[in-house]
Amino acid sequence: MSKSGYIQRYLLIIRIVRNNRYISLEELIRKVEDGLAYFDDSGNVGASRRTILRDIKEIRSGMNISIEYSRQENGYYIPEDEDQIADIERVLEQYDMMTSLHAREELSSIVFPERRKARGTEHLNPLIHAIKHSLMVDFDYVKFDNATSRRRHVMPYALKESRGRWYLLAIESGDNVRHAGEIKSWGLDRIRDLNVTKTRFSKDPYVDPEKEFRDVFGACSSSELPVEEVVLSFSPKSGRYNDAFPLHESQETLVDDGREFRIRIRVKLTRDFIQELLSQSEDLVVISPKHLRKELRDIYKKAMKRME
């Protein structure tokens, strides 16, 4: 079996155990064998008892995901408090797509992956290394509204994906830095001449990137913006889309009666969020807050004037 085949098997085990709490070893083996049949590069290696037990051990040690065995329930399970599983599974899904779709020439006529790719992904591995080892990072940064770049010196804390783009969450260092000590997002597609230095920094224990961006749609946040309750109404068709792909993790359905789909979320009203609402203007009514309704109306009026 190729290396990608091993990763595919690890992915199958994680998914199967996660979706079948207290699954027996025999049932796990059967489901893994069935799943491997969909992969062309799985070879002739079966999913034996010894193989699966070894895989579970390697998943625990190498991926830090605890697959436990319950004697009382006679089956395997993943503890519910392991929040990192979703992120790891997502990374594996992307690897799975890359190996099982892009590498198969015979699928080119029936599978059409997105050809528009985000720039800057070559920075991911160096930045992950810098974050893990608390190393300062230097780079030139080009803003969308300015063709010139400026050298930045930052303390990297985390990486975040939003709508197909990757962002570095970091604190800028140096003199005359605006909002000193505040964690900001930097688009990887606008980073040039990245340099991971050998200078270590001490991470601020009070800086929590996940918490900072928890109430944000997209990858831009601001400590100056409050978290607000937003109520939105959609047509049934758009409602089904937003039900399947929620705007935010706080999304709560208030009305779904076949005539209207109404939701409530709690977010900061960032530019990214406003842009998302504008993209759904045709079937959207902002119920509250009132100042958000006014802001959207003003944008529509300016757009109409430009179109005259």
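Structure first, text after, so check above.
Below is a short write-up of the structure. In this text, all values refer to a predicted model and were calculated from it rather than measured experimentally. (Residues numbered from 1 in each chain as written. Predicted model: local features only at pLDDT ≥ 70, side-chain atom pairs only at ≥ 80, totals over all residues. Heavy atoms only, no water.)

A separate point is the nonpolar core. Soluble, globular proteins show a tendency: their nonpolar side chains are buried together. Grouped together as the largest cluster of nonpolar side chains are 21 residues, with contacts concentrated most on Ile13, Val17, Leu28, Val32, Ile52, Ile59 and Ile67. Of all the elements in the fold, those that place two or more residues in this core are helix H1 (3-19), helix H2 (25-36) and helix H3 (49-63). Per element, the largest residue contribution to this core is 6 residues, and it comes from H1. Beyond its immediate sequence surroundings of up to four residues, isoleucine 59 is in contact with Tyr10, Ile13, Ile14, Asn64, Ile65 and Ile67. (Core = buried A, V, L, I, M, F, W, Y, C linked by side-chain atoms within 4.5 Å. Buried < 20%, exposed > 50% of the residue type's maximum accessible area, 1.4 Å probe, protein only. Helix = DSSP H or I, 4+ residues; strand = E, 2+ residues; numbered from the N terminus. Contact = heavy atoms within 4.5 Å.)

On to the sheet that holds strand E9 (residues 252-256). If you walk across this open sheet you meet the 4 strands as E9-E10-E8-E11, and the pairing is antiparallel. Strand pairing shows two members of the sheet lacking a second neighbour, E9 and strand E11 (284-288), which therefore form its edges. Here the strands of the sheet are splayed against their neighbours by 30 degrees on average, with no regard to which way each runs. Where E9 meets strand E10 (residues 261-268), 4 bridges bridge the pair, whose relative direction is antiparallel. Directly across from glutamate 252, in E10, lies its bridge partner arginine 264. The sheet contacts of helix H7 (residues 236-244) involve strand E8 (227-234), E9 and E10, and relative to E8 the element is tilted by about 135 degrees. The sheet strands contacting helix H9 (residues 290-307) are E8 and E11, and the helix crosses E11 at an angle near 145 degrees. (Pairing = 2+ DSSP bridges. Axes fitted to C-alpha atoms, helices over the stretch in contact; angles between N-to-C directions.)

A few words on the environment of lysine 160. Considering the arrangement of structural elements, one finds lysine 160 in strand E4 (residues 149-162). Residues lysine 160 and glycine 187, 27 residues apart in the sequence, show an inter-C-alpha distance of 9.5 Å. Setting aside its immediate chain neighbours within four residues, lysine 160 contacts Arg165, Trp166, Tyr167, Leu169, Phe213, Gly218 and Ala219. Polar side-chain contacts of lysine 160 include one of 2.8 Å to the backbone oxygen of glycine 218. (Polar contact = N/O pair within 3.5 Å; in protein donor to acceptor, adjacent residues only side chain to side chain.)

Our focus in this paragraph is the sheet that holds strand E5 (residues 165-172). Strand order in this open sheet of 5 strands is E6-E5-E4-E3-E7, and the pairing throughout is antiparallel. Edge positions in the open sheet fall to strand E6 (183-187) and strand E7 (191-200), since each of these has one partner strand only. Sheet twist, expressed as the mean angle between neighbouring strand axes with direction ignored, is 45 degrees. Two elements, E4 and E5, share 8 bridges in a ladder whose sense is antiparallel. Across the sheet, the residue bridging to alanine 158 is leucine 169, located in E5. Along the sheet, helix H5 (residues 124-132) contacts strand E3 (135-142), E4, E5 and E7; its crossing angle with E4, the most-contacted strand, is approximately 90 degrees.

In this section: the environment of isoleucine 287. Mapping isoleucine 287 onto the fold places it in strand E11. Spatially, the C-alpha atoms of isoleucine 287 and leucine 232 are 5.6 Å apart, while their sequence positions differ by 55 residues. Once you skip the residues sitting within four places of it in the chain, isoleucine 287 turns out to touch Val231, Ser233, Glu260, Arg262 and Arg293.

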